[in-house]
Amino acid sequence: MSKKSSDNNDNVFPEFSAELNLPANIDRRTFLIRNAVIGAAAAMTGTVWTTEARTQQAAKEAAEKSPLPPLDSTSMSPELDVVKRSKGPVMTVLDEFYKVGPGPSSSHTIGPMRITYDFYQRCTKLPADQLKQATGLKVHLYGSLSATGKGHGTERAALAGLIGKEPATVDPLFLDEMKEKPDQSYPLKLGDKTFNLSLADIIYDTPKGEFPHPNTMTCKLMAGDKPVYELEYYSPGGGFYEWKGYTPPKKGQPKYPYETMKELRQHAEKNKLSIAQVIMANEVAVSGKTEEQINAFLDKIAAAMLATVKAGLAVKEGVLPGPIKLHSKAATVWERAQENKYEADRAVALLSACALAASEENARGHLVITAPTGGSAGVMPAIVYALTETKRKLPQDKVRQGLLGGAAIGYLCKHNATLSGAEGGCQSEIGVASSMSAAFIASALDASPLVTENAAESALQHHLGMTCDPVAGYVQVPCIERCAFGAVKAWTAFMIATNEIGWRHRVDLDTTIKTLADTGKDMSTKYKETSEAGLAQNLVLC
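My aim in this report is to walk through the structure given alongside it, one point at a time. Keep in mind it's a predicted model, so treat the numbers as computed, not measured.

What follows deals with the pairing of strand β4 (residues 193–197). In terms of strand pairing, strand β3 (residues 186–190) meets β4 through five bridges, oriented antiparallel. Considered in β4, the bridge of Pro 187 is made with Asn 196. The turn joining β3 and β4, which pair antiparallel and follow one another in sequence, is formed by two residues; a positive phi near 65 degrees is taken by Gly 191.

Set out below in structure tokens:
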């Protein structure tokens with residue numbers, strides 16, 4: 001470039017103060033991008049902009065292009081315990097994390113059912129004079145619960161909880177009956193009164209607005225058209241729930257406190273322990289249970305996971321509920337894998353068939369295990385089946401190690417990011433499930449803490465950015481096949497981690513979990529379990 005040309009463009013990119021006094025509704029990142037674009041255009045056209053003029057124009061265009069939205073249906077209130085618990089050591093315990101309940105969603109089915117069951121229990125303890133005024137109960141669903149609750153059977157789960165059914169013990173056929181007889185009433189006795197409740201008492205309210213959590217719902221004991229008792233609840237994913245003013249129960253302090261994978265691995269390496277051993281020690285300290293009690297719980301979870309796979313494989317042909325008319329295929333994939341001409345594909349095919357089987361059970365609304373969610377309930381059961389029901393036949397103590405190692409990753413993702421598709425997209429469900437499953441394999445096969453971390457990191461990294469766009473609001477397309485891909489990715493991540501020099505692994509798990517959280521925050525609302533975009537918008541159902 002000639003000296004003259006250089007002189008002419010010296011002021012095209014003038015310096016501007018790092019402390020920009022921008023209006024509150026202007027996104028800083030968008031402003032900086034617009035500022036750079038204006039500067040580039042000026043360079044190409046030979047126009048000179050003063051600092052003030054360029055700043056004003058950039059601010060104007062930024063405001064027009066991307067004003068900051070108000071608190072929307074995917075935001076979270078800082079007052080929620082699920083947000084507060086991201087500060088301080090991990091305190092989650094196994095029976096909070098691995099839950100048995102009806103599909104198809106931990107946040108939209110199991111969570112609401114636990115919530116309404118909790119409200120039912122509270123109502124039974126109200127003073128007699130308050131119950132005398134009551135004429136019925138109502139549940140209002142907001143945000144993502146309202147937007148996609150129909151496809152998740154949220155109204156059936158909520159009604160079942162109100163009449164005293166619990167997720168872990170409810171007969172899925174009872175929920176199916178609710179669907180087949182939508183006008184049927186169910187009696188509920190509170191005090192001296194008996195109310196008849198129906199699906200009409202579960203109201204799909206506002207899907208968009210300023211809610212404390214994307215999955216917000218309000219339960220009300222009514223006296224005519226006015227509530228005599230009500231409580232606002234939140235279902236943040238994984239079957240967890242809390243309410244307005246929630247105070248978490250007191251727990252013991254962890255023996256090895258950690259907030260990050262780095263801290264967790266340091267505890268393991270310093271004390272010559274595996275990741276599973278660290279988690280077990282913390283579980284005993286925090287929950288107050290014995291190792292024998294914890295192992296008994298883990299055995300029940302492993303057995304339940306195998307049961308979901310076997311139940312799904314037993315369905316040779318069928319159409320899943322809902323308008324998609326999706327045919328089940330787990331059994332077909334399994335049977336094809338047995339043929340000798342497909343022997344080279346057998347390992348991947350069998351693993352995929354197991355994941356499809358458990359995920360199809362979830363889509364049917366049958367009992368599944370949150371690991372970490374209902375939508376991802378096909379991933380880890382496929383791994384458990386592959387390690388125990390095939391030639392490997394791992395003993396039960398190794399399965400326990402795997403469940404503990406997998407839980408460690410799920411805890412960290414819950415603590416530092418999210419498990420909710422309505423908050424973080426499908427990366428928070430299938431991505432976390434795949435990461436947990438990679439850690440399961442590593443832990444069950446006695447890999448080092450570093451290899452366990454590397455396997456979990458790889459599996460999560462290659463799900464980053466995955467949107468939650470369930471077609472018609474049903475947990476079927478793309479959810480069922482995503483479970484199969486998540487299981488295969490978990491195994492691939494483990495194999496890569498065991499075939500590399502561990503310390504050369506370039507990305508640590510903490511970085512990837514932070515990226516998971518950041519990506520979820522940046523992701524458009526319409527890609528977070530609203531069925532407003534992606535496949536949900538573009539797939540035409542005939």
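Below, the discussion takes up unusual backbone geometry. Cis rather than trans, the peptide bond between Gly 103 and Pro 104 has omega equal to 10 degrees. Inspection of the secondary structure puts Pro 104 in the loop between β1 (100–102) and α6 (106–124). Here the amide bond leading from Ala 371 into Pro 372 is cis, since omega sits at 10 degrees, within 30 degrees of zero. Tracing the backbone through its elements, the reader meets Pro 372 in the loop between β9 (367–369) and α16 (379–388). One non-glycine residue, Lys 272, adopts positive backbone phi at about 55 degrees. Take Lys 272: it is sitting in the loop between α11 (261–270) and α12 (275–287). On the basis of relative accessible area, Lys 272 is assigned to the exposed category, the value being 73%. Its identity as a non-glycine residue notwithstanding, Lys 325 has a phi of 60 degrees, on the positive side.

Summarising the element assignment, Val 540 is placed in the segment after α23 (535–538). For Val 540, a relative accessible area of 66% gives the class exposed. Between the alpha carbons of Val 540 and Ile 324 there is a distance of 9.5 Å; along the sequence they are 216 residues apart.

In this structure the tally under the stated criterion is 11 aromatic pairs. On the numbers, 5.5 Å between centres and 80 degrees between planes, the contact of Phe 97 with Tyr 98 is edge-to-face. The exposure class assigned to Phe 97 is buried, which follows from its relative accessible area of 1%. According to the relative accessible area criterion, Tyr 98 is buried, its value standing at 1%. When the centroid spacing of 6.4 Å and the interplanar angle of 50 degrees are considered together, the rings of Tyr 233 and Tyr 241 count as tilted. Classification of Tyr 241 by relative accessible area gives buried; the value is 19%. A network of ring pairs unites the aromatic residues Tyr 233, Tyr 241, Trp 243 and Tyr 246 as a single cluster. Just above the ring of Trp 243 sits the side chain of Arg 122; from NZ or CZ to the centre is 4.4 Å.

Bringing the packing of helix α14 (residues 330–337) against helix α15 (residues 346–363) into the picture now. Contact geometry of α14 with α15 gives a least axis separation of 8 Å together with a crossing angle of 160 degrees. Relative to α15, α14 is oriented roughly antiparallel. Crossing of α14 over α15 shows left-handed handedness. Side by side, α14 and α15 meet where Ala 330, Val 333, Trp 334 and Ala 337 of the first sit next to Arg 346, Ala 349, Leu 350, Ala 353, Cys 354, Leu 356, Ala 357 and Glu 360 of the second. Partitioned by chemical class, the residues of the contact of α14 with α15 number 10 nonpolar, no polar and two charged.

On to the pairing of strand β2 (residues 136–141), then. The buried fraction of β2 is high, at five of six residues. Where β2 meets strand β6 (residues 216–223), six bridges bridge the pair, whose relative direction is antiparallel. Its bridge partner being in β6, Val 139 is matched across the sheet by Cys 219. As paired elements, β2 and strand β5 (residues 202–204) share three bridges and run parallel to each other. Directly across from Val 139, in β5, lies its bridge partner Ile 202.

On to the pattern of salt bridges, then. Here the structure, examined in full by the defined rule, presents 17 salt bridges. Between Asp 118 and Arg 122 there is a salt bridge whose closest N-O contact spans 2.6 Å. Placement of both Asp 118 and Arg 122 in helix α6 is noted, with a separation of four residues, approximately one turn of the helix. With relative accessibility at 13%, the residue Asp 118 sits in the buried group. Its relative accessible area of 23% is what places Arg 122 among the partly exposed residues. Linking Glu 453 and Arg 265 is a salt bridge whose minimum nitrogen-to-oxygen distance equals 2.6 Å. With Glu 453 in helix α20 (residues 449–461) and Arg 265 in helix α11, the pair connects residues that are 188 residues apart, well separated along the chain. Residues joined by salt bridges that share partners form a network here, namely Arg 265, Glu 269 and Glu 453.

Cut-offs and rules
Residues numbered from 1 in each chain as written. Predicted model: local features only at pLDDT ≥ 70, side-chain atom pairs only at ≥ 80, totals over all residues. Heavy atoms only, no water. Pairing = 2+ DSSP bridges. Helix = DSSP H or I, 4+ residues; strand = E, 2+ residues; numbered from the N terminus. Buried < 20%, exposed > 50% of the residue type's maximum accessible area, 1.4 Å probe, protein only. Phe/Tyr/Trp six-rings, centres within 6.5 Å; stacked < 30°, edge-to-face > 60°. Lys NZ or Arg CZ within 6 Å of the ring centre and 35° of its normal. Axes fitted to C-alpha atoms, helices over the stretch in contact; angles between N-to-C directions. Parallel < 35°, antiparallel > 145°, perpendicular 65-115°, else oblique. Left-handed = near helix turned anticlockwise from the far one by under 90°. Contact = heavy atoms within 4.5 Å. Nonpolar A, V, L, I, M, F, W, Y, C, P; charged D, E, K, R; others polar. Salt bridge = Lys/Arg side-chain N within 4 Å of Asp/Glu carboxyl O.

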